[in-house]
Amino acid sequence: MNPCEGAKREPSQGFANPLDENRIVANDSVPAVRLSGVSRHFGEVKALDNIHLDIVDGEFFSMLGPSGSGKTTCLRLIAGFDQPTAGRIELHGEDVTDLPPYERSVNTVFQDYALFPHMNVADNVGYGLMIKKAPRPERMKRVSEMLDLVQLPGMEQRKPSQLSGGQRQRVALARALIMHPRVLLLDEPLGALDLKLRQQMQIELKAIQQRVGITFIYVTHDQEEALTMSDRLAVFNHGRIEQIGTPAEAYEHPATPFAAGFVGVSNLISGATAQAISGTPDTFSIRPEKINIQAPGVVVPDGYCSANGRIRDVVYLGMYTRYLVELDGGADLTVVRQNLDETSMDVLANRGRPVLLTWQREHNRPIAALS
Amino acid sequence: MTTASMTPAASHPSAERRLSTFLYRRPVLSLLLLLIPPLLWLGILYIGSLLAMLIQSFYRLDGFTGRVVREFGLNTYGDLFTQAHFDIMGRTALMAAAVTIAGAFVAFPIAYYMARYAGRRTRAFLYLAVLLPLWSSYLVRVYAWKFILAKEGVFNWFISQIGLQGVLNAVLDFPLIGGESLSVSPLGLFLVFLYVWLPYMILPVAAALERVPRSLLEASGDLGARPEATFQHVTLPLVFPGVVAGSIFTFSLTLGDFIIPTIIGDSSPFIGLAVYQYQGTAGNVPLAAAFTIVPMVIMAAYLIIAKRLGAFDAL
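Colleague: What's the story with the overall build of chain A in this structure? I'm lost.
Modeller: In terms of helices and strands, chain A carries eleven helices and 18 strands. Seen through its C-alpha atoms, chain A measures out along the principal axes to roughly 80 × 50 × 40 Å. Taken over 371 residues, chain A has a buried fraction of 42%.

In structure tokens, the structure reads:
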């Protein structure tokens, strides 16, 4: 039972506990994508296991998880590249489980971009229209509109091999968007780009999504990316969904120990340490940035938890500092403090100091341990 | 102890180590040292003999004395461009083209299955099955085919067992490709050429197919292309250089072969056979040399046309 669940939840955003069979449907209208009991087993390996998921029309939905968690398998099932072992897949209310990819109104941006190396940019972007036998002048006009949208004007004649990684990524996006899909699937599209370009493309992708107003389903292993861009996200682990919710919900109210650890950084406290701090042995999580570091002996106000310990390690990260505090009870807590007034010399001098950690009791997140 | 014994070695490196350091610092020199033997081999033995042949083709044979006259001239080429020789060239080029085209059509499905569908064990088995015939003598295999295709051979027996004797006889009655039996007809010769050179087509096509990433095929389907459209617009253009590579083998091997036409078929001469006879029995080395230039010219023309058609664009 999560005491923080409920009150803050917005009615339009579902927050589903994977252990709870009564899934909360996001709203009354037909979902863009609905997975009902979808599984994909490869022999003994359960790549996806009994997934129930509704994706709202027009939302930016992320599938977040480590490699091998089933998120890409899930995307491939929606695109139609792979068939589920069990369950049904609906697109806008239409059952597409048995339809091949070329009869589904979804398009995909591939992780490796999958641009056709023997065609120039214009032919790549116009490929879907060429297949649809659209007349050449119309094709060229829409290709040039699309290249404007992805900020590659005038690149029609280039070959994919003459483009940078970021440019190829944009061509792949234009090639998918020109088909006016109602759902766009993106398989870790920014994985191969460097950090600066990735951050720039995150903002652009989000802007394009809002401009064209279609559903984006975005697969990523990067929790920061998922938190930045998504309206809602699903946390995948071992072929199951651990949590579905808004980025804020996933961050502030992790449903499972895995979700707490994967979305952001969490301190999980359980057993005797939990008993000493909160009065019960139930596991709870506390985010590193919620914890204050104070001198031992300071009076702890009402509504605060506290724990005594010693700073075992200090990692200076420029904007902030990460402390590893060894509690007197034995557990280690990670604490993050912004470097407001401190210099690196100041923070590094803290190593070995005894400290009192305090945080507001309401930031404790009880976590139901998965069996 | 260890440190003490190491120190002299470090200050006075062995000759071997000094040599590697010397070469490491001079990459161009190392490259030259590595390249000189193959360059000598190619330059002197291969290019050199080609040049010698080219020069020979401008000499002529004195018909009266039977001696080679070492004077530059075009007399030999005059002898080359006669109707009988044009027939030989046409027949050979036509056979090479037919074997190449048929080879591409037969090899493609096999290569496609090997590259796309076969599991790891099946694929290994198929590669072995394709390569295995190349381990045995090609003379033995051609003679085996002669018996297989003979009138009393197993192929004829099989055809008559399934009641198609009439069809085979009708095919053998065609004037240009037929004959007394398959083993003495141009059609039989074509079948044996096709069999002998097929591995040289399958292997490059399979290699090219394996290099096409699956995601490209998925992307094509994702953009609305049915499998046949994906094949036409993505698979085929990307695999075509492999087909051209294979066709270079099958085409040039058929152009130059002089053994198979003597064993199988109706004994009509092919270029290889003509070269063999002119330089051997007739002792007309200049004409043999001039004849050898012909397949090279045909191959060059073939490659230029292939390039014009865009066969190498996807390389």
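Colleague: Teacher, can you tell me more about the overall build of chain B here?
Modeller: Helix and strand content of chain B: 15 helices and two strands. Taking 2.2 N^0.38 as the reference for a compact globule, 315 residues should give roughly 20 Å; the C-alpha atoms of chain B span a radius of gyration of 27 Å, well beyond that estimate. Overall, chain B is about 90 × 70 × 40 Å in size when its C-alpha atoms are taken along their principal axes. Across chain B, the fraction of contacts at a sequence separation of at least 24, relative to all contacts at a separation of at least 6, is 71%.

Colleague: Please explain the interface of chain B and chain A as it appears in this structure.
Modeller: Interface extent is often summarised as the accessible area lost during association of the parts. The interface is formed by 17 residues belonging to chain B together with 19 residues belonging to chain A. Listing elements by their share of the side of chain B that touches chain A, those giving two or more residues are helix H11 (214-222) and helix H12 (227-256) of chain B. In terms of residue count, H11(B) provides more of the side of chain B that touches chain A than any other element does, six residues in total. Residues of the side of chain B that touches chain A, tallied by class, amount to ten nonpolar, three polar and four charged.

Colleague: Could you clarify how one ought to interpret the environment of Asp231(A) in this entry?
Modeller: All names here are of chain A. Looking at the secondary structure, you find Asp231 in the loop between helix H7 (223-229) and strand E9 (232-237). In this structure, the C-alpha to C-alpha distance between Asp231 and Tyr218, residues 13 residues apart in sequence, is 11 Å. If near-sequence neighbours (up to four positions away) are discounted, Asp231 is found in contact with Glu59, Phe60, Phe61 and Thr246.

Colleague: Help me out: how do you make sense of the domain arrangement of chain A in this one?
Modeller: As assigned here, chain A comprises domain 1 (33-105 + 181-262) and domain 2 (267-366). Between domain 1 of chain A and domain 2 of chain A, the C-alpha centre-to-centre distance is 34 Å.

Colleague: Any chance you could explain the domain arrangement of chain B here in plain terms?
Modeller: Residue and element names in this part refer to chain B. What the domain assignment reports for chain B is domain 1 (12-69) and domain 2 (82-308). Using C-alpha coordinates to define each centre, domain 1 is positioned 33 Å away from domain 2. With nine residues of domain 1 at the contact, the number on the domain 2 side is nine residues. At the level of secondary structure, the elements contributing two or more residues to the side of domain 1 that touches domain 2 comprise helix H3 (27-56) and strand E1 (60-62). Top element by residues in the side of domain 1 that touches domain 2 is H3. It accounts for three residues.

Colleague: Explain the sheet that holds strand E18 (residues 365-366) of chain A to me, please; I cannot follow it from the model alone.
Modeller: The strands that make up a sheet are held in pairs by hydrogen bonds between backbone atoms, and each pair lies either parallel or antiparallel. Taking strand neighbours across the sheet as the criterion, the three strands line up as E11-E12-E18 (chain A) in an open arrangement whose pairing is antiparallel. The outermost strands of the open sheet, each flanked by one partner alone, are strand E11 (267-269) and E18 of chain A.

Colleague: I tried to follow the packing of H3(B) against helix H15 (residues 285-308) of chain B on my own but got confused; where do I start?
Modeller: When two helices pack together, their arrangement is captured by the angle between the axes and the distance separating the axes. Residue and element names in this part refer to chain B. Following both chains from N to C, one finds H3 and H15 inclined at 120°, their axes separated by 7 Å at the closest point. By crossing handedness, the relation of H3 to H15 is classed as left-handed. In this structure, H3 contributes Met53, Leu54 and Gln56 to the contact, and H15 contributes Val285, Pro286, Ala289, Thr292 and Ile293. Of the residues contributing to the contact of H3 with H15, the split by class is six nonpolar, two polar and no charged.

Colleague: In this structure, what is going on with the sheet that holds strand E3 (residues 60-64) of chain A? I would like to understand it.
Modeller: Residues and elements named next belong to chain A. If you trace the six strands from one edge of the open sheet to the other, you get E6-E7-E8-E3-E9-E10, paired in mixed fashion. Of all strands in the sheet, those with a lone pairing partner are strand E6 (106-109) and strand E10 (240-245), marking the two edges. For this sheet, the mean inter-axis angle between neighbouring strands, taken without regard to orientation, is 20°. As defined by bridge partners, E9 adjoins E10 across five bridges and the pair is classed as antiparallel. Across the sheet, residue Phe236 finds its bridge partner in E10, namely Ile241.

Colleague: Where do I start with the environment of Ala150(B) in this structure?
Modeller: Residues and elements named next belong to chain B. Looking at the secondary structure, you find Ala150 in the loop between helix H7 (138-149) and helix H8 (154-161). Since 17 C-beta atoms lie within 10 Å of it, Ala150 is described here as partly exposed. Each C-alpha atom of the pair Ala150 and Val275 lies 28 Å from the other, and the pair is 125 residues apart in sequence. Setting aside residues no more than four positions away along its own chain, Ala150 makes contact with Ser181 and Ser183.

Criteria and cut-off values
- Residues numbered from 1 in each chain as written.
- Chains lettered and ligands numbered in written order.
- Predicted model: local features only at pLDDT ≥ 70, side-chain atom pairs only at ≥ 80, totals over all residues.
- Helix = DSSP H or I, 4+ residues; strand = E, 2+ residues; numbered from the N terminus.
- Buried ≥ 20, exposed ≤ 12 C-beta atoms within 10 Å, placed from the backbone.
- Rg over C-alpha atoms; globule rule 2.2 N^0.38 Å.
- Contact = placed C-beta atoms within 7 Å.
- Nonpolar A, V, L, I, M, F, W, Y, C, P; charged D, E, K, R; others polar.
- Domains from an automatic or database assignment.
- Pairing = 2+ DSSP bridges.
- Axes fitted to C-alpha atoms, helices over the stretch in contact; angles between N-to-C directions.
- Left-handed = near helix turned anticlockwise from the far one by under 90°.

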